[in-house]
Amino acid sequence: MNNLIHKQVKNIRVNTSKIDPSIPEALSKLSKDELLKLVLKAASKDKVFHDYLLVNCGDTEYGEKELFELAIVDLDNILAKRHKGFSEELKMANALQACNKRIDEFAKVCKNKKFEMDLIMHLLQKSFYNSGLSFGSCFTNYDYRVTLLLKKAISVLNKKLHEDYKVDYTEELNSYLSKLKSCANFFDFVSALPSKI
């Protein structure tokens, strides 16, 4: 009996993205005040939903900028935390992984891809100008995380940003590519990166 209940609960969790047809029907019967209470309750429990409401319904003019500034603070706080790892490179790799998740959360809510690009560039600057860390060491996870950030930056630049912004980022990204390739091109994931954008 317990296994049957467990399987049913597991199936409910897996299918949470699909909205049950009874929900829209029930919502259409609610008064405006009841609907407002429901939306506010959901927004107070789910940060992503709150942020979505902020940029799409609340502060449509400055909401994304506010979320961008909060994301920068979050990234800096993540980088300042002590992360697990035997070396500084491994600690930074774990920090970059956590930061990348934070950028993904931001990108799901905000439509302004320049802000997303600026968050990625913020991390890349921290990675390339940290004198205590080195590329091409035996701690390959650090090189791998930086490579993923570079690939993400190149993808956003080429696929999501307006052509006018390319000038703002190309020179700096080419510099990062050159530095990483000069130290760690023997890794397949680094050598697979383009030499220039």
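Keep in mind the model is a prediction, meaning the values are calculated, not measured. (Residues numbered from 1 in each chain as written. Predicted model: local features only at pLDDT ≥ 70, side-chain atom pairs only at ≥ 80, totals over all residues. Heavy atoms only, no water.)

(A) Geometry of the packing of aromatic side chains. By the definition in use, this model includes nine aromatic pairs. The interplanar angle of 10° and the centroid separation of 4.4 Å between the aromatic rings of Phe-128 and Tyr-176 together place this pair among those described as stacked. Pair noted here: Phe-128 is in helix 7 (residues 113-128) and Tyr-176 is in helix 9 (residues 166-184), with a separation of 48 residues, a long-range link. For Phe-128, a relative accessible area of 10% corresponds to the buried category. With a centroid separation of 4.5 Å and an interplanar angle of 55°, the aromatic rings of Phe-186 and Phe-187 are classed as tilted. The class of Phe-187 is buried, set by a relative accessible area of 12%. The rings of Phe-128, Tyr-129, Phe-135, Tyr-142 and Tyr-176 are connected pair by pair, giving a single aromatic cluster. (Phe/Tyr/Trp six-rings, centres within 6.5 Å; stacked < 30°, edge-to-face > 60°. Helix = DSSP H or I, 4+ residues; strand = E, 2+ residues; numbered from the N terminus. Buried < 20%, exposed > 50% of the residue type's maximum accessible area, 1.4 Å probe, protein only.)

(B) Seen up close, empty space enclosed by the protein. Summed over all chains, the structure comprises one cavity of 30 Å³ or more. Considering only enclosed or pocket space, the largest cavity measures out at about 40 Å³ in volume. Along its surface, the largest cavity is lined by Leu-96, Gln-97, Asn-100, Arg-145, Leu-148 and Leu-149. For the lining of the largest cavity, the secondary structure elements donating two or more residues are helix 6 (88-109) and helix 8 (140-160). A per-class count over the lining of the largest cavity returns three nonpolar, two polar and one charged. (1 Å grid on protein atoms, 1.4 Å probe; cavity = no way out; pocket = protein on both sides within 12 Å on 5 of 7 lines; lining within 4 Å. Points joined across faces, edges and corners; volume = space filled by probe spheres on them. Nonpolar A, V, L, I, M, F, W, Y, C, P; charged D, E, K, R; others polar.)

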